[in-house]
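Structural description and commentary
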Amino acid sequence: MSSEQEIFDQLSELCGKKGFIHTLVKLNFKYNYYKVNKNGNITSSQIAKAHADRQKLIRSELVTLLALTVKNNPEFFCDSEPELKLSKSYEDKVYELLENFHNIFRENMIFEMQNRFSEIIELKNTKLFSESDVFLTTNSVREAIFYSGDAVYDSQYQDLGYFKYRADNDWFVHNKGFSIEHAHEIIEILFQFHHFKIHQVAENKQISLNEFIYSEDEIIEFLKLCKSELTINEIMLFISAFSFNLDNLIDLNAFQKFDDFNSFIASPFIALPNNKFLLLDFFHLSQAFYETPFFWLSNDNEYKSIASKHRGDFAENFTYEIVSEIFGKENTWKNIDLYGINNQNQAKKDKIGEIDILVNVSGYVLLFQAKAKKLTLESRKGNIPKISDDFAKSIQHAYNQAFECGEILLSNEYIAKVDEQIIQLPKIDFCFPICILSEHFPALTAQVRWLLKENIHKNISNALVIDVFLLDLMQKTLSKPLDFMHFIKSFSNARKIFLANNQIELLAVHLKRNFLCSDGADIFYLEDGFSADLDLYLSQTRRGINQKNLPEVPSGCLKFKETYWWELFEFTSLLDSKNKLKFGFELMQWSEEFIKNYNHIVSERIQTLNLNPNKEISNFSIISSNNTGLTAYVINTPFITDEIESQIQHHAILKKYQTNSDLWVSLIINTKGKVKHLNVLDEKWKFDSELQKEYEETLAKNSRPMMIIDGQKIRKKIGRNEPCPCLSGKKYKRCCLK
């Protein structure tokens, strides 16, 4: 098999052939665009099928082909389209060479891992080693980064780019000739223009190179058509700022290997003669808008210190805006300084902790530490010492800060200040340490898995590392406090067993399946395609695709909208009390079967009360397979008396005791399904002689709680030595009774 460098050189030769650019245009269109169906829509199944295509060329491969085309055939735009047979041979050769490249990656990676594992086996004590000792190799890092795929939507790069650089607006106007606000609008106009050109020809003929070339005259005509107030001068200045000039071909001489810097990611337009510009992939324009100005600003010696401060402020401000909108400004703080409780001076040098963003949700705290560092080019090349150093200086450092501040808060022995003013934070029961990144780290999930060193505290969760792009998606899909907190909690618990190429897939599987998994599995690997529904939703809401139907968040919970379960969700969703928080977490873990059973039982009880006007209360108790449950009173009265509240409270205490449960809920709902009372009993179960006696005199002789075990309703008494109804094959006393 050829070496990696030999394959790169063969690709260079292929891309330099006359007419290859036309083959590249077809490949780009094939893998980056979707055709509407006969109803004029794009479906999630189309998107999932495209994701699952093993032959699909990803953006990192396509932009490599583009760079090699320009480098080896600078007058590519003059080439006529090759005959079909020749174009097909070009295409086949591309697939062959890139598949060989991937195979070399894989073989080298496996070889490195086998050597590592052999070394560990020889030492005869595998417990001393971690997963990263085997899997963290040069080629595993390179492979994870090169094939990580799109972990950000193009519209996110566009929209967040505006927020990232809006503080630098004056610099852009003075040095580039356009404002950040107008730059954002220009991308929107060019997006519309780009798709306008494609739609004009897509149905009648094959897409050609011309559909990806922009001329000044065409843009002027389109501006008139869409009645935009942008000037053509601003648009051309913007395009020029993100253009690669063919006079600078010498810059491409440094592109000698797959890992080398590719100029067309930073400058996605190619300036052609006669004031025309080629843009092959619109995604790279949005990406460049987010990433390239960083280098412009950093190269301005007089301004770079100001720009650096703005980069740090961006992650903090963006995070604060989102979480304060979801949880309320009264529950959100920014830039908190912590001092020892016995420190009288409280000088800056005496600080024991700094918190960028803190959100308090009924005693549960989200503790954000923001970082604005980028992954360096050497790290992208698989330099293990360098990637470890980059990780330590950004993500590890942020996590350590968050964990230390969590310990301080939980100790309740501190003084907190914001803007030099002492503030009183609520008592904190539990902390979620979250590192928030302003830059996209490719293969972030793999880096966190291999490199993060975590501490342990019973009231501090596993570490969470997310970027501003995932946070943006969370705001768009998890708008209620309960939704948001449930994802944070579930993600924290599931992070180590769910593997994915990017965090979009993790959010998508949570929305669809609530991170539910089989008890017997150690690791779940998510194939690309889980995010198809989320991809479509973002296309609908942000890009206006499929506007015939009003889009809904792709959440599995929505199937239960307008049900009695939804009433519980709506009641608890604001998390404005500890009871709602505790019950809310349990509520979101209910299985689909359990929700259906709850809805059915409530419906039966309401029907019973409607048929018997003189009957005021109908109650039931249900227990889930994880041995948590609830006692519910459905009432047919306009008011809840103290007597009814006391009655259900005691009833719930007995049910909790009866089932040896550590968590039980008492619930009162009316005949519309509206929640009127909620209380959570979460003391750890222990034997109580008085409760035991009362239970034996009352509940033991009467009705038993309805148990839902793996979807089966169980109400009759089950003998201790009988087979467990969950079909485990064990005796009841050895299984679900415990």
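Residues numbered from 1 in each chain as written. Predicted model: local features only at pLDDT ≥ 70, side-chain atom pairs only at ≥ 80, totals over all residues. Heavy atoms only, no water.

At a minimum axis distance of 9 Å, the contact between helix α23 (residues 564–572) and helix α24 (residues 578–587) shows a crossing angle of 140 degrees. Note that α23 runs across α24; the crossing there is left-handed. Of the residues in α24, those in contact with W565, L568, F569, F571 and T572 of α23 are K580, F583, G584 and L587. Class assignment for the residues of the contact of α23 with α24 results in 6 nonpolar, 2 polar and 1 charged. (Axes fitted to C-alpha atoms, helices over the stretch in contact; angles between N-to-C directions. Helix = DSSP H or I, 4+ residues; strand = E, 2+ residues; numbered from the N terminus. Left-handed = near helix turned anticlockwise from the far one by under 90°. Contact = heavy atoms within 4.5 Å. Nonpolar A, V, L, I, M, F, W, Y, C, P; charged D, E, K, R; others polar.)

This brings us to helix α5 (residues 84–123). The first and last C-alpha atoms of α5 sit 59 Å apart over 40 residues, in line with the 58 Å expected at 1.5 Å per residue. Positioned one or two residues after α5, K124 has a phi angle of 60 degrees, which is positive. (Expected span 1.5 Å × (residues − 1).)

Glancing now at the nonpolar core. Counting 85 residues, the largest nonpolar core has L366 and W590 as the members making the most contacts within it. Counting residues per element, this core draws most heavily on helix α15 (residues 304–327), which supplies 8 residues. If near-sequence neighbours (up to four positions away) are discounted, W590 is found in contact with W565, L568, F583, I595, Y598 and L630. One finds C15, F20, I198 and I207 within the second-largest nonpolar core, a separate group that totals 48 residues. (Core = buried A, V, L, I, M, F, W, Y, C linked by side-chain atoms within 4.5 Å. Buried < 20%, exposed > 50% of the residue type's maximum accessible area, 1.4 Å probe, protein only.)

One non-glycine residue, K227, lies in the positive phi region at around 55 degrees. Relative to the elements of secondary structure, K227 occurs in the loop between α11 (216–226) and α12 (232–241). Residue D419 is not a glycine yet carries a positive backbone phi of 55 degrees. With respect to the element layout, D419 can be found in the loop between β8 (414–418) and β9 (421–423).

Okay, the packing of aromatic side chains next. Under the counting rule described, the total for this entry stands at 54 aromatic pairs. Residues F101 and F105 carry aromatic rings whose centres are separated by 4.8 Å and whose planes lie at 50 degrees to one another, so their mutual orientation is tilted. On the criterion of helical spacing, the pair formed by F101 and F105 is a turn pair, its members being 4 residues apart in helix α5. Measuring from centroid to centroid gives 5.8 Å for Y214 and F269, while their planes differ by 80 degrees, and the two rings are edge-to-face. Here Y214 is found in strand β1 (residues 213–215), whereas its partner F269 is found in strand β3 (residues 269–272), with 55 residues between them in sequence. Like F269, Y214 is buried. One residue, K374, lies across the ring of F294, its end atom 5.4 Å from the ring centre. The lysine or arginine in question, R543, covers the ring of F191, its NZ or CZ lying 4.0 Å from the ring centre. (Phe/Tyr/Trp six-rings, centres within 6.5 Å; stacked < 30°, edge-to-face > 60°. Lys NZ or Arg CZ within 6 Å of the ring centre and 35° of its normal.)

On to the packing of helix α9 (residues 169–176) against helix α14 (residues 282–298). Interaxial distance between α9 and α14 falls to 12 Å at its minimum, and their mutual angle equals 80 degrees. Our classification of the angle between α9 and α14 gives roughly perpendicular. Every residue of α14 that contacts α9 at W171, F172 and K176 is listed here: P293, W296 and L297. Grouping the amino acids of the contact of α9 with α14 by side-chain chemistry returns 5 nonpolar, no polar and 1 charged. (Parallel < 35°, antiparallel > 145°, perpendicular 65-115°, else oblique.)

It is worth spelling out helix α17 (residues 384–411) at this point. Between its first and last C-alpha, α17 extends 37 Å over 28 residues, near the 40 Å set by a 1.5 Å rise per residue. A392 marks the point of greatest bend in α17, at about 45 degrees. Where α17 begins, the side chain of N383 points an oxygen toward the backbone nitrogen of K386, at a separation of 3.0 Å. One or two residues past the end of α17 sits N412, with phi positive at roughly 60 degrees. (Bend = angle between axes of the 7 residues up to and from the residue. Polar contact = N/O pair within 3.5 Å; in protein donor to acceptor, adjacent residues only side chain to side chain.)

Our next topic: the side chain of S140. With respect to the element layout, S140 can be found in helix α7 (residues 138–146). Look at S140 and you get buried, because its relative accessible area is 2%. Here the side chain of S140 touches F135 through a polar contact of 2.5 Å, landing on its backbone oxygen. A polar contact of 2.8 Å, which involves the side chain of S140, links it to the backbone nitrogen of T137. Not counting residues within four places of it along the chain, the set of residues in contact with S140 comprises M109, E112, M113, F135 and W450.

The next thing to look at is the pairing of strand β17 (residues 675–681). Summarising burial for β17: 6 of the 7 residues are buried, a large majority. Relative to β17, strand β16 (residues 664–670) runs antiparallel, the two sharing 6 bridges. Directly across from I668, in β17, lies its bridge partner H677. The turn joining β16 and β17, which pair antiparallel and follow one another in sequence, is formed by 4 residues; a positive phi near 85 degrees is taken by G673. (Pairing = 2+ DSSP bridges.)

What follows is about the sheet that holds strand β7 (residues 364–371). Pairing is mixed across the open sheet formed by 7 strands, whose spatial order is β9-β8-β5-β6-β7-β10-β11. Two strands in the sheet have a free side with no partner beyond their single neighbour: β9 and β11 (464–467). Across the sheet, the mean angle from the axis of one strand to that of its neighbour is 40 degrees, orientation sign disregarded. As paired strands, strand β5 (residues 332–340) and β8 are joined by 4 bridges and run antiparallel to one another. Among the inter-strand pairings, G340 is bridged to a residue of β8, identified as Y414. Relative to the sheet, helix α19 (residues 468–477) contacts β10 (430–437) and β11, its axis offset from that of β11 by approximately 85 degrees.

To continue, consider the state of the cysteines. Disulfides are covalent bonds that connect the sulfur atoms of two cysteines. Scanning all chains against the criterion turns up 0 disulfides. Here C15 is not disulfide-linked; the sulfur of C78 is the nearest cysteine sulfur, at 18 Å. A residue is classified by how much of its surface remains accessible, and C15, at 0% relative accessible area, is buried. (Disulfide = S-S within 2.5 Å.)

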